[in-house]
Each structure stands twice: as C-alpha cells, then as structure tokens.
Amino acid sequence: MQFGIFSVGDVTEDPTTGRTVSEAERIELMTKIALKSEEVGLDVFATGEHHNPPFVVSSPTTHLAYIAAKTEKLLLSTSTTLITTNDPVKIAEDYAFLQHLSGGRVDLMMGRGNTGPVYPWFGKDIRDGIKLAVENYHLLRKLWREPQVNWQGQFRTPLQGYTSTPAPLDGTPPFVWHGSIRSSEIAEQAAYYGDGFFHNHIFWNKEHTEAMVKLYRRRFEHYGHGAADQAIVGLGGQVFMASSEAEAKRVFRPYFDNAPVYGHGPSLEDFSEMTPLTVGTPEQVIERTLGFADYVGDYQRQLFLVDHAGLPESLVLEQVEMLGTEVVPVLRKEFERRRPAHVPSDPPTHASLVAAGPDAPHHLVEPARARAEELAKA
C-alpha cells in the first residue's frame, strides 16, 4: 500500500504569530515536505493545481521535476491536475516529459477544480465542467496511446494527424486517478477506463465517501476490469499529532479556527466527529485511519494533508516525521494483514505497467468498449 502527503499549496497567515510566509517560502516548504517524505520512508508526494490566490501551485510539472532531481524513490503525483481548464494536448506533453525526467516516477490525478472564476480565465464555462472533464480526458488517452491523432470535439480546435511529443516513457502512459468529492459522473468515468478513483476525504462524512467509492467499485466490475473489491481506490485525510490529544488540540485549534476553507464554521470537535479529520496522538491516527477500510473496503493509496492553514515549517515537518516513523509502519503492517490475497496492495506503477506488456488493457484508449466488442463477437 502507498502512503504519502498531498498539499494544496495555500499561503495563509499563521494565526498565532500574524505572519504570512512569502510565496517563495511556501514553495520551498512544499519542496522540503517532499524531501522529508522520502527521507522518512513515505511513498508519494502530490501537489495540487490552482491558478488563484491564496495558492502558489500553478505549475505542478515544474515543481515535480525539481523534486524529481532531488529524490531517488519518491513517487511524484498531483492532488489535482485540472482536466477542465488545461488543454489536454499540453497535459499530454508535460506529464510525458516529466515521466522521462523522473524515470517513470509519476502518476496524476484528474480533477475539475472548485474555483469558479478560473474557468473564464482559461476561456471555459464552469457549467460545462463535467462535459469538459469527459471530452478532454478521452482526448488525453488518445494522445498518449495513438501515434497520430485525428480528433474533433466540442471544446477545442480539431486535430489532424497530430503526434504528441515526447511519447510516454517506454510507450507506457502514466497511471491516472480521477479525483472527486461529490460528482458521481467522475466515479463513473474512472470505472469506465479502469483508472483509479480518489476521494479527498477531507470535508464529507464517511457515509458520503462510502457511497461514492461503492459506486466506483460497482461500475469498475460492470465494465469488466475485475471484481469490485479489486478496484483501485485512494483516500485523503487530514491529521495533526502531538504527544497527547489535549496538546494536539491546543496547538492545532487556532489554525483550524482560521483555516481558509473550514474556518469560522463548526468547532474542531464537531468537525472531527463529522469528517475524517484526526487531531490527537499517533496511536489515535493509526486507529482512525485503519477504520477507513471498514467503510470503503481495502484500498491502495492513503495521502495525508499536514501543511494547511498557515502551519509553520517546524510543525509541518514534525508531522511528516511522525507519519513516517510512528504511524505508517504500523498502518502498512495492519492494512496488509487484513487484505485478501486477490486484492492488489499497490496501485499500478510505471514498472508494473511496463511489465504487463504492450497488449495490456492500460494501452487501449477504451478498454471497456474493446471488451464489450470482443464479447459481442464471441
């Protein structure tokens, strides 16, 4: 099972000091988080993508390439790649280039984003969000899998005999996750292509997360990619740890109360009850995280948010250290102990996809349709 960190890259005032870090300092902290993640044995670092304040994460591939040059094993990912407002041609080029630079240590998560004004900045309409996600991703798959693409759709100019360069490393496109908090259409999209489904698992109650993951699993099986419990699922989650629950709450409370997303709303206690937010000891984080599988089933990737809401560098890096040394080793052992033999432990990686060979379903633009046509001929 993969464990790691995902960051949204917000620049937020520290409510305990009144100081707001510069954009340069925030980018540097994210880099330090990634390097610390590899140092303490975590598997993944994922960055978000936003194009508006208070966020600095406007160029994920630039940052991940820089991190790739400073790491050896860390898997580089995104907690959102905006499939709606980015041109899929540019996504195809940028992430294939990152594949080559990183030696294949890359996957990515498609998302629509949740900031309405961004759409018109890039010439799009938020009311077309789902349609953009569906059309753009299908084109992206073709760009990564066909040497020459002839294509015409609704939202961009047609392509005639177009070849995307560089081609994916080893002729093998990156593995893709589809991230959604609320849209069943995105869970359906992930299932149709046999891709991974990631629920950010920050804001909603467990019943909502359970329903979304169950829908994806059910449709994954429907499209012939495997049994429902073999579907590739990832979860997020937010934690803050200290030596005691009381100390963790004392330190984290001012950050929670003033957070740009959920601050000035429910109390820390109420939010922790309603959502997966865990503020306490490493032991409490272990217990709560192991419980996630009770309602989503056995899953393959767990990412933690630890750097939100103006938390200073020292506290953030301390959280990464605790995850790597005290929490994740226990989670690895316990999750694997309960996992059935037929359920994959890890999501696909570049190495596993290359090993599967060029005839594997991953190399098809529409594996579900190909399977349906084979069954029709049988």
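Residues numbered from 1 in each chain as written. Predicted model: local features only at pLDDT ≥ 70, side-chain atom pairs only at ≥ 80, totals over all residues. Heavy atoms only, no water.

A.B. asks: Would you take a moment to explain the overall build of the protein for this structure?
C.D. replies: A tally of regular secondary structure across the protein gives 14 helices and 13 strands. Taken over C-alpha atoms, the radius of gyration comes to 20 Å for the protein, in line with the 21 Å a tight globule of 378 residues would show. A burial count over the protein gives 55% of its 378 residues as buried. Summarising the internal contacts of the protein: among those between residues at least 6 apart in sequence, 73% fall at separations of at least 24. Computed over 35 positive and 49 negative side-chain charges, the separation of the two mean positions in the protein equals 4 Å. (Helix = DSSP H or I, 4+ residues; strand = E, 2+ residues; numbered from the N terminus. Rg over C-alpha atoms; globule rule 2.2 N^0.38 Å. Buried < 20%, exposed > 50% of the residue type's maximum accessible area, 1.4 Å probe, protein only. Contact = heavy atoms within 4.5 Å. Lys, Arg positive; Asp, Glu negative; His and termini not counted. Charge placed at Lys NZ, Arg CZ, Asp CG, Glu CD.)

A.B. asks: Help me understand helix α8 (residues 245-257) in this model?
C.D. replies: Along an α-helix, residues three or four apart share an orientation, since each turn contains 3.6 residues. A rise of 1.5 Å per residue sets the reference length of α8, with its 13 residues, at 18 Å; its end C-alpha atoms lie 17 Å apart and thus fit the reference within 8%. Of all the bends in α8, the greatest reaches close to 35° and is centred on V251; the proline P254 follows between one and four positions later. A248, K249, V251, F252, Y255 and F256 are the residues of α8 that are buried. Where α8 is buried, its residues contact β11 (239-241), α9 (268-274), β12 (278-280) and α12 (313-338). (Expected span 1.5 Å × (residues − 1). Bend = angle between axes of the 7 residues up to and from the residue.)

A.B. asks: Sorry if this is basic, but what is going on with the packing of helix α3 (residues 88-102) against helix α5 (residues 129-145) here?
C.D. replies: For any two helices packed against each other, one specifies the inter-axial angle together with the distance between the axes. It is at 9 Å that the axes of α3 and α5 come closest, and there the two elements cross at 45°. Between α3 and α5, the angle falls in the class oblique. Our pair here, α3 against α5, has a crossing hand that is right-handed. Here α3 contributes P88, V89, I91, A92, Y95 and A96 to the contact with α5, which in turn contributes N136, L139, L140, L143 and W144. Counted by class, the contact of α3 with α5 contains 10 nonpolar, one polar and no charged residues. (Axes fitted to C-alpha atoms, helices over the stretch in contact; angles between N-to-C directions. Parallel < 35°, antiparallel > 145°, perpendicular 65-115°, else oblique. Left-handed = near helix turned anticlockwise from the far one by under 90°. Nonpolar A, V, L, I, M, F, W, Y, C, P; charged D, E, K, R; others polar.)

A.B. asks: Help me understand the packing of aromatic side chains, please; the structure alone is not making it clear to me.
C.D. replies: Aromatic rings in a pair are described by how distant their centres are and how their planes are angled relative to each other. Summed over the entire model, instances satisfying the criterion amount to 16 aromatic pairs. With 5.0 Å between their ring centres and 85° between their planes, Y192 and Y193 make a pair best called edge-to-face. Judged by its relative accessible area of 9%, Y193 is buried. Each residue in the set F240, F252, F256, Y262 and F271 is aromatic and connected to the rest through ring pairs, giving one cluster. (Phe/Tyr/Trp six-rings, centres within 6.5 Å; stacked < 30°, edge-to-face > 60°.)

A.B. asks: Please clarify how unusual backbone geometry should be interpreted in this entry.
C.D. replies: Negative phi is the rule for most residues except glycine; trans is the rule for most peptide bonds. Cis peptide bonds are those with omega within 30 degrees of zero, and the linkage from P53 to P54 qualifies with 10°. Position of P54 among the secondary structure elements: in the loop between β2 (44-47) and α2 (60-70). In this structure, P166 follows T165 across a cis peptide bond, with omega equal to -5°. Looking at the secondary structure, you find P166 in the loop between β7 (159-162) and β8 (176-179). Phi angles above zero are rare outside glycine, and D170 is one such case at about 55°.

A.B. asks: What am I meant to see in the sheet that holds strand β5 (residues 108-111) here?
C.D. replies: Two pairing modes exist for strands in a sheet, parallel and antiparallel, and in both the strands are linked by backbone hydrogen bonds. Strands sit in the order β3-β2-β1-β13-β10-β9-β8-β5-β4 across an open sheet of nine strands; the sheet is parallel. Sheet topology places β3 (75-78) and β4 (81-82) at the edges, where each strand pairs with a single neighbour. Lying on the sheet, α2 is in contact with β2 and β3; it crosses β3 at an angle near 170°. (Pairing = 2+ DSSP bridges.)

A.B. asks: Could you clarify how one ought to interpret the pattern of salt bridges in this entry?
C.D. replies: Once their charged atoms are close, side chains differing in charge can pair, the charge on each being opposite to the other. Scanning the model with the defined rule gives 24 salt bridges in all. With a shortest N-O distance of 2.7 Å, E321 and K36 are connected by a salt bridge. One end of the pair, E321, is in helix α12; the other, K36, is in helix α1 (residues 23-39), with 285 residues separating them in the sequence. With a shortest N-O distance of 3.5 Å, E366 and R369 are connected by a salt bridge. Connected via shared salt-bridge partners are D10, R26 and D307. (Salt bridge = Lys/Arg side-chain N within 4 Å of Asp/Glu carboxyl O.)

A.B. asks: Whenever I open this one, the side chain of R141 confuses me. Can you help?
C.D. replies: One can find R141 in helix α5. Relative accessible area serves as the criterion here: at 1%, R141 is assigned to the buried category. The contacts of R141, once residues within four sequence positions are left out, are Y193, D195, H362, L364, V365 and P367.

A.B. asks: Can you help me understand the nonpolar core in this one?
C.D. replies: Across soluble globular proteins, you tend to see nonpolar side chains buried next to one another. Judged by nonpolar contacts, the single largest core of 104 residues is most densely connected at I5, F45, Y216, F252 and Y299. The biggest single contributor to this core is α12, with 10 residues. The residues contacting Y299, other than those within four sequence positions of it, are M1, R217, V233, L235, T289, F292, A293, F335, R339 and S345. (Core = buried A, V, L, I, M, F, W, Y, C linked by side-chain atoms within 4.5 Å.)

A.B. asks: What is the right way to look at the environment of M274 in this model?
C.D. replies: Inspection of the secondary structure assignment puts M274 in helix α9. On a C-alpha basis, the gap between M274 and R26 in space is 30 Å, while along the polypeptide they are 248 residues apart. Ignoring sequence-local partners within four residues, the contact set of M274 consists of W204, N205, K206 and P266.

A.B. asks: Help me understand helix α6 (residues 184-193), please; the structure alone is not making it clear to me.
C.D. replies: Counting buried residues in α6 gives seven out of 10 residues, a clear majority hidden from the surface. Every buried residue belonging to α6 is among I186, A187, Q189, A190, A191, Y192 and Y193, and all of these are buried. Each element contacted by the buried residues of α6 is listed here: α5, β8, β9 (196-199), α7 (206-222) and α14 (367-377).

A.B. asks: Explanation requested: the packing of α5 against α6 in the structure shown.
C.D. replies: It is the contact of α5 with α6, at a shortest axis distance of 10 Å, that shows an interaxial angle of 20°. Overall, the two elements α5 and α6 adopt an arrangement that is roughly parallel. Judged by the twist between their axes, the crossing of α5 over α6 is right-handed. For the pair formed by α5 and α6, the contact residues are I130, A133, V134, Y137, H138 and R141 on the first element and E185, I186, Q189 and Y193 on the second. Considering only residue class, the contact of α5 with α6 consists of six nonpolar, two polar and two charged.

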